[in-house]
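# Structure at a glance
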Amino acid sequence: MGAGVGQMVFGPWSDRSGRMIPLLSGLLVYVVSSVIAAIAPSVTVLIIARGLQGIGSSAGMVIGRAIVLDRQSGTEAARALNVMIAITGIAPIVAPLVGSALVDPLGWRGILWVVFGLALVSLLAAVAVLRERLPLEERQRRRSAREPGAWRGLLALPYVGSTLTFAFGMGVLMAYISASPFVYQTLIGLSEIGYGIAFAINAIGMSLTTLASNRLNRRYSLMRLAGTGLTLSMVGVLATLASAFAGIESWPLMIPLFIAIAPLGMVLGNASAIAMSAVSARTTGLASSFLGLGQFALAGVAAALVGLGGESTPVPMAIIMLASGVIAIAGLVLIRLTRTAQREPVPAA
């Protein structure tokens, strides 16, 4: 909740005040709240600090995308966003594995000190590397001028459709991440090491499809690449669902799960690039914040729903993945219908 709501604060703020002040402010909140979480004297303080961590860290997520769009557009923006999405998509897969390896020697407070270290590195990296991308004149113009059409892009079907594709594509990934511990360990019977290897294989697969997308987006449209990735993913999701209904709860279940997750590397970056290209430069921060809000809202809902069936069946996970994938495809169809309508000639009177 903190990460989602925080993006709605920092995105619009960065559109009017420049990127660096909101970014550094958010990362400073991230660092301070990480210290409070690590030394929290009660669970109440811990929960509040963790919420502030989400809010503060969201500045990097939302403003990072906006900075990319300040510097690049079209195919080059898609290539940069694909790299960012690869990191943000793989991080939730790798992080639990690193945490599980460190929790025994460090304890839960030690894990939170590791998070503090990550927060501090983020702040120092921003200070050392990044510079303001919005000139002072442009910031002053945005604060004083009104551009009625600037907000219209946020309601345009290309932005709405690609935002649905991005958010629900992430929903497919988060349903898998949330359910994978009991699917791999409880049902399939993998050890902690085996679980880590299975996670790593899927993360590598997603990384490879992201790299492939970066090479192919100079020959094929972003829409085509995202549609291909979603189609392949849905083949894997349907195979996962069929395996779940058939009662397959051993290692063969890992194959359709790989097919469902790996192609998402072709979807998330391209969908976000399509969304951001549909809006005015004045609203890139706000547009980025809606993308992030949708991402984290779907992540929270998916995580809750996959647990409804308990730890005895992968069916809920597969159903949530399927429902998310269908809505993600509907988002692409919405964009396609809009573009088709725009190309159709107006009949003569």
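Residues numbered from 1 in each chain as written. Predicted model: local features only at pLDDT ≥ 70, side-chain atom pairs only at ≥ 80, totals over all residues. Heavy atoms only, no water.

### Things to note about the packing of helix α6 (residues 157-187) against helix α10 (residues 268-277)
Put simply, the rule is: Every axis corresponds to a line fitted to the C-alpha atoms, with the helix fit spanning only the stretch in contact, and the corresponding angles, defined between N-to-C directions, vary from 0 to 180 degrees. The numbering of helices and of strands both runs from the N terminus, where a helix is a DSSP run of H or I of at least 4 residues and a strand a run of E of at least 2. Roughly parallel covers angles under 35 degrees, roughly antiparallel covers those over 145, roughly perpendicular covers 65 to 115, and oblique covers all other angles. Left-handed is the label given to a crossing in which the near helix is rotated counterclockwise from the far helix by less than a right angle, and right-handed is the label when the rotation is clockwise. Any two residues whose heavy atoms approach within 4.5 Å are treated as being in contact.
In the contact formed by α6 and α10, the axes pass within 8 Å of each other and the chain directions differ by 155 degrees. Our classification of the angle between α6 and α10 gives roughly antiparallel. In this structure, the crossing between α6 and α10 has a hand that is left-handed. Contacts between α6 and α10 involve Tyr159, Ser162, Thr163, Thr165, Phe166, Gly169 and Met170 from the first element and Leu268, Ala271, Ser272, Ile274 and Ala275 from the second.

### Section: the side chain of Ser243
Keep this limit in mind: Residue burial is assigned from relative accessible area. The probe radius is 1.4 Å, only protein chains are included, and a residue is buried under 20% of its type maximum, exposed over 50%, and partly exposed in between. Whenever two N or O atoms come within 3.5 Å, that pair is a polar contact, provided that in protein one can donate a hydrogen and the other can accept it, and provided that, for residues adjacent in sequence, both atoms are side-chain atoms.
Along the polypeptide, Ser243 turns up in helix α8 (residues 222-245). Since its relative accessible area comes to 12%, Ser243 is described here as buried. Looking at Ser243, its side chain comes within polar contact range of the main-chain oxygen of Ala239, at 2.8 Å.

### So, the packing of aromatic side chains
Quick reminder of the rule: The aromatic pairing rule takes the rings of Phe, Tyr and Trp, using the six-membered ring of Trp, and pairs them if the centres are within 6.5 Å, calling planes under 30 degrees apart stacked, those over 60 edge-to-face and the rest tilted.
Under the definition given, this model contains seven aromatic pairs. Judged by centre distance (5.6 Å) and plane angle (90 degrees), the rings of Trp113 and Phe116 are edge-to-face. Of this pair, Trp113 and Phe116 are both found in helix α4 (residues 74-129), three residues apart, which corresponds to roughly one turn of the helix. Considering the side-chain rings of Tyr184 and Phe199, the 6.2 Å spacing of their centres and the 70 degrees angle between planes classify their relative orientation as edge-to-face. Within this pair, whereas Tyr184 is found in helix α6, its partner Phe199 is found in helix α7 (residues 192-216), the two being separated by 15 residues in sequence. By relative accessible area, Phe199 is classed as buried at 1%.

### Some remarks on the nonpolar core
This is how it is decided: In this text, buried Ala, Val, Leu, Ile, Met, Phe, Trp, Tyr and Cys residues form a nonpolar core when linked through side-chain atoms within 4.5 Å.
Judged by nonpolar contacts, the single largest core of 59 residues is most densely connected at Leu173, Tyr176, Val183, Tyr184, Leu257 and Met321. With 16 residues, α6 is the largest single contributor of residues to this core. Residue contacts for Met321: discarding those within four places in its chain leaves Val172, Ala175, Tyr176, Met234, Val237, Leu257, Ala260 and Ile261. Judged by nonpolar contacts, the second largest core, of 14 residues, contains Leu23, Val31, Ile63 and Ile67.

### Quick look at a nonpolar patch on the surface
Just so we agree on the cut-off: Nonpolar side chains (Val, Leu, Ile, Met, Phe, Trp, Tyr) are joined into patches within 5 Å and like charges within 9 Å, using only residues with over 30% relative accessible area and no salt bridge. Working definition of accessibility: Shrake-Rupley area with a 1.4 Å probe, residue cover restricted to the visible protein chains. A side-chain nitrogen of Lys or Arg and a carboxyl oxygen of Asp or Glu constitute a salt bridge if their distance falls within 4 Å.
A cluster of nonpolar side chains, namely Ile193, Ile197, Ile201, Val235, Trp251, Ile255, Phe258 and Ile259, defines an oily patch on the protein surface of about 800 Å² accessible area. Where the nonpolar patch is concerned, the elements lending two or more residues are α7 and α9 (254-261). In this structure, Ile193 sits in helix α7. Of the residues examined, Ile193 reaches a relative accessible area of 65% and is grouped as exposed.

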